Structure formats: structure tokens, C-alpha cells
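# Structure at a glance
Single-letter residue listing:
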Amino acid sequence: MTDQSSNQMWGGRFAAGPDAIMEAINASIGFDKRMAAQDIAGSRAHAAMLAATGVITDNDAEAIREGLLTVLSEIEGGTFQFSTALEDIHMNVEARLKEIIGEPAGRLHTGRSRNDQVATDFKLWVRDQLDAAESGLLALIRALLSQAEAGADWVMPGFTHLQTAQPVTWGHHMMAYVEMFGRDLSRVRDARVRMNESPLGSAALAGTSFPIDREMTASALGFDRPTANSLDAVSDRDFALEFLSVASICAMHLSRFAEELVIWSSAQFRFVTLSDRFSTGSSIMPQKKNPDAAELIRAKVGRIFGANTALMMVMKGLPLAYSKDMQEDKEQVFDAADNWMLALAAMEGMVKDMSANREALAAAAGSGFSTATDLADWLVRVLKVPFRDAHHVTGTLVAMAESRGCDLPDLSLEDMQGVHDGITEDVFSVLGVENSVNSRMSYGGTAPAQVRAQVARWKEMLEG
């Protein structure tokens, strides 16, 4: 077989043969250059520690420090030339450092390996993303609190199975999402605490014989402590998996809310109006205003959850310690992080800008026999009717109202007494939607007073 036919077997993109294929599959610089700032921060901390412990001289440490700052400025300024032949961000930075400061650059890697270096860089990057997610979630929660406070007493239909169930308040519905995103916020903070241990100094897998100070580098990089087992430290990607898990759950919450915004903004519902900033028009239908931002947010969970599954599959069969498979950890996390942050920002913008149609909400709240449960509860509470019997009486009255094309409050007292002679005029005190929501004073209920109490509780927690 000729060389030419061999090359064709590898594919036209790799005309140089197997060497080109190996370089392409082995190199990660195309994506891990995003960790440049974290890599340089880790190297600066490592060099300072090596000098403090006497492993390298102060002069070498100072040269390394200054050289790394120069490399960082080149990367941030867009003048740095990345090379796939140098495989990854670590080797690219070190090679450029050697060009700038010469021999001292060769001492930077003393007492560490690319294994603990990449684990440290990646942890620092993920930690930064968790901090960004915390900020995004806090902004979204505050936007929801503003909506809840403004509409604490606006009645709207509550749904189960997307069928009218019982009246609730706009504020109560907004606060449901505050609770969801509040749990996401808790998971973000919890994940950050658990991941905040420094792998730096674990070296390849067994630690190092150099007299390094891992507490010093951990502190310099904002970690709570160094990792306690070098084998685990270089092979651990739980922090990335947990990040993707948290992102997946939050993206699911965003998707659920986005689905409601798509429904609510339709001509059939008219519950909300989304701002022009987060909507688009149709190319041929001038009347259309499409909730594209909400629809795109709704789709993000697919790729974010996909990233979670992909990394889980990468890690599931790896023996200790480091394997090159783990190079496949970053692209999924980078993509998920980008899309999570974008979805959070877009949802916050939509919530801040959207206007609820109070009249349409109120009209819908009174439809679909939404106070039937209130009637049944009244029968139980006031007339001491067993609940199953009250359910039957209420169902009979609902059927009567449905056959007449009216709602329960439109039935006369005589109509109701024809079904149960114990019913009195007092029953009408619970049948209006306003009466219904005001009566739901149980903790966490939809009554406006409860909604305002929950808004105040959340504001106090956020300020604290």
C-alpha cells in the first residue's frame, strides 16, 4: 500500500499521515487556553512557594513572576501565539516563559506535574464559574422578588395538568420560582465549599520529595486547604461533575419557567407581555411577536444535561490515577458554563422587563370552576359534611353550572339548596377568587399576606 493510499485512509484533513492525527487528537490548546489566567495564577503561587521553601532562589522566583505577568498580558492582549505542537496551555505558557526569561523558566515545574497543574487550573476555572452562577442566580431571584411584591394580591389561575385548579396569586407563582432558584443557589454554594481544596503539590500521583508547602499555595489560590490524597487529587473530576449536575438542575428550572412564559405570552393566554428586547418578529407575519429568548432558554437544558452525561461516561471506567481520557473533561464544562450563564442572564432580563396583564389573569382565575375546592372545604368546615360527600355535592353543582354556561358563584342559593339543603348564604363568602386566595393563610399559602411575608423573608436572607 502506498503512502498516498494510507493517508487517504486516515482522511483528507490529515494529509501528513499518522503524526498529524496524533497531534490533533493529543492537543488540547484549542480549548484549554481558556484556563490561561488560572494556569498563570497557579504557577505564580507555586514559584513563590518554591522560593519560600528554598527550592529555588528568590531571584529565579522574581524572574518567573515578572515573566508570567508578561505572558498573561500577551494572552489578554491577543498577541500570544498558541501552538498545537505544544499540546496544552501549560506547555504553551512555559515555552513562552522560557523565551522571555531563559533558564529560570526551567525551574518553575519543580515539585509539580502537569497532572496536578491541570487539576488545579480546572478547579480554579470551575470555581470562578460557580461564583458567576451565584451572581446570576442572585440577580434573577431579586427580579422575581420584585415581580412577586408588585403582584402579591393579583389573582390568577393555578394549574395542575395545565388545567385550571384553584386561584392563586401572581406573587405566589413568582415566589415558587424564587424557591426553585434558591435551591439552585444553595447547591452552587455547597458545591463551591466541597470543591475548594487545592490539588497543587500532588505532582504526578504520589506527591513529591521536594520540601514544598502545600498550605502556602492553597492559601495563595484561595483554597481552604490542600487535598489529603495525591492519588485522588490528580484523578478527581467530581467538582466538574457536580458543577454540571447543579447546572443541569438549574437549567431544568429555567426551562420550566421559559415554557410558562411561552404559553403565557401567547394570544390565547395574554397573561404576560415580554419586552421587545427579548422577542422577535416573523419574517412574513407582521402580527407575530415570538418569545425566542424563552424558547432558546428552554432548549439549553438539552446541551447542559448532555455535557453532564458525557463527562460521566468519560470518568466511569477510569482506574487511578490520571488517564489521558480526562482531557475530554473541559469542552463539555466550558460549553455548559457558557450556556448556563447566558440562560441565567436572559431569564433575568425577561423577568425584569415583562409586564403581567392583571385583567387577563383575573378573568382566567375565575374560569374553569376554580373555586370548587373552596365550596367543598366550606361544606366540610361549616356543615361538617364528610369530605367524600362534600366532593360529590360540589361535583353535582359544577355539572349544574356547566350545563347552564355559568360559574359556581352565578348559581342561586336555591339552586345549591336543591342539591344540599344545609347550604346557606354564607357559602358565597368563599366562592369569589379574591375570597379564595385570601383564605389560604396556611404557611407557604397563596394569600397575599403570606406572599408578602415570604418576600420579606427572602429579602432579609439576601441582605444578610
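Residues numbered from 1 in each chain as written. Predicted model: local features only at pLDDT ≥ 70, side-chain atom pairs only at ≥ 80, totals over all residues. Heavy atoms only, no water.

## Side note on the overall build of the protein
Rule in force here: Starting at the N terminus, helices and strands are each numbered in turn, a helix being any DSSP run of H or I of at least four residues and a strand any DSSP run of E of at least two. A 1.4 Å probe rolled over the protein chains alone gives each residue an accessible area, and that area as a share of the maximum for its type sets the label: buried under 20%, exposed over 50%, partly exposed in between. Only heavy atoms enter the contact rule, under which two residues are in contact if any of them lie within 4.5 Å. Each accessible area value is a Shrake-Rupley result obtained with a 1.4 Å probe; residue values ignore everything except the protein chains displayed when judging cover.
Each helix and strand in the protein was counted, giving 20 helices and six strands. Dimensions of the protein along its principal axes, counting C-alpha atoms only, are 100 × 55 × 40 Å. Expressed as a percentage of its 464 residues, the buried residues of the protein come to 48%. Long-range pairs, those at least 24 residues apart, make up 73% of the contacts in the protein with a sequence separation of at least 6. On the protein, roughly 21,900 Å² of surface is accessible, and the fraction owed to carbon and sulfur atoms is 53%.

## Remarks on the nonpolar core
Basically, it comes down to this: We call a set of buried Ala, Val, Leu, Ile, Met, Phe, Trp, Tyr and Cys residues a nonpolar core when their side-chain atoms join them within 4.5 Å.
One finds Trp170, Phe181, Leu254, Phe257, Trp264, Trp340 and Met347 to be the most contacted residues of the largest nonpolar core, which totals 80 residues. Ignoring anything within four residues of it in the chain, the contact list for tryptophan 170 reads Gln147, Gly151, Trp154, Met156, Trp264, Val272, Met354, Ala356 and Leu361.

## Some remarks on the pairing of strand 1 (residues 155–160)
Heads up, the condition is: When DSSP finds at least two bridges between two strands, those strands are taken to pair.
In this sheet, strand 2 (residues 163–169) lies alongside strand 1 in antiparallel orientation, the contact comprising six bridges. Counted as the bridge partner of methionine 156 is valine 168 from strand 2. Counted between consecutive antiparallel strands, the loop separating strand 1 from strand 2 contains two residues, among which histidine 161 sits at a positive phi close to 60°.

## Regarding helix 12 (residues 292–315)
Since the α-helix turns once every 3.6 residues, residues separated by three or four places project in the same direction. Worth spelling out the cut-off: Working rule for helices: expected span equals 1.5 Å times residues minus one.
Taking 1.5 Å per residue, 24 residues should reach 34 Å; helix 12 reaches 36 Å between its end C-alpha atoms and fits that length. Within helix 12, burial applies to Ala293, Ala294, Ile297, Lys300, Ile304, Ala307, Asn308, Leu311, Val314 and Met315. Taken together, the buried residues of helix 12 touch helix 10 (230–235), helix 11 (238–264) and helix 13 (330–353).

## Remarks on the confidence of the model for the protein
Keep this limit in mind: The score called pLDDT rates the predictor's confidence residue by residue, from a low of 0 to a high of 100.
Across the protein, the average pLDDT comes to 91, with 94% of residues at 70 or higher. Considering only residues more than four positions removed or in separate chains, one finds that residues 1–11, a stretch of pLDDT under 50, has nine contacts.

## With respect to unusual backbone geometry
Trans peptide bonds make up most of the peptide bonds, and negative phi angles are found at most residues other than glycine. Note that the residue after leucine 320, namely alanine 321, is joined by a cis bond; omega there is 5°. Tracing the sequence through the fold places alanine 321 in the loop between helix 12 and helix 13. One non-glycine residue, arginine 270, lies in positive phi territory at about 55°. As for its placement among the helices and strands, arginine 270 is situated in the loop between helix 11 and strand 5 (272–273).

## Some words on the environment of phenylalanine 31
Topologically, phenylalanine 31 is positioned in helix 3 (residues 29–32). On a C-alpha basis, the gap between phenylalanine 31 and tyrosine 443 in space is 50 Å, while along the polypeptide they are 412 residues apart. Residues within four places of phenylalanine 31 in sequence aside, it is in contact with Gln327, Lys330, Glu331 and Phe334.

## Re the environment of leucine 320
Along the chain, leucine 320 turns up in the loop between helix 12 and helix 13. In this structure leucine 320 comes out as exposed when scored by relative accessible area, which is 64%. A C-alpha to C-alpha distance of 35 Å links leucine 320 and phenylalanine 80, two positions 240 residues apart in sequence.

## Comments concerning a nonpolar patch on the surface
The following threshold applies: Like charges within 9 Å and nonpolar side chains (Val, Leu, Ile, Met, Phe, Trp, Tyr) within 5 Å are joined into patches, using only residues over 30% in relative accessible area that form no salt bridge. A pairing counts as a salt bridge when a side-chain nitrogen of Lys or Arg comes within 4 Å of a carboxyl oxygen of Asp or Glu.
Together, Leu205, Leu231 and Leu320 make up an exposed nonpolar region whose accessible area comes to about 270 Å². Tracing the chain through its elements places leucine 231 in helix 10.

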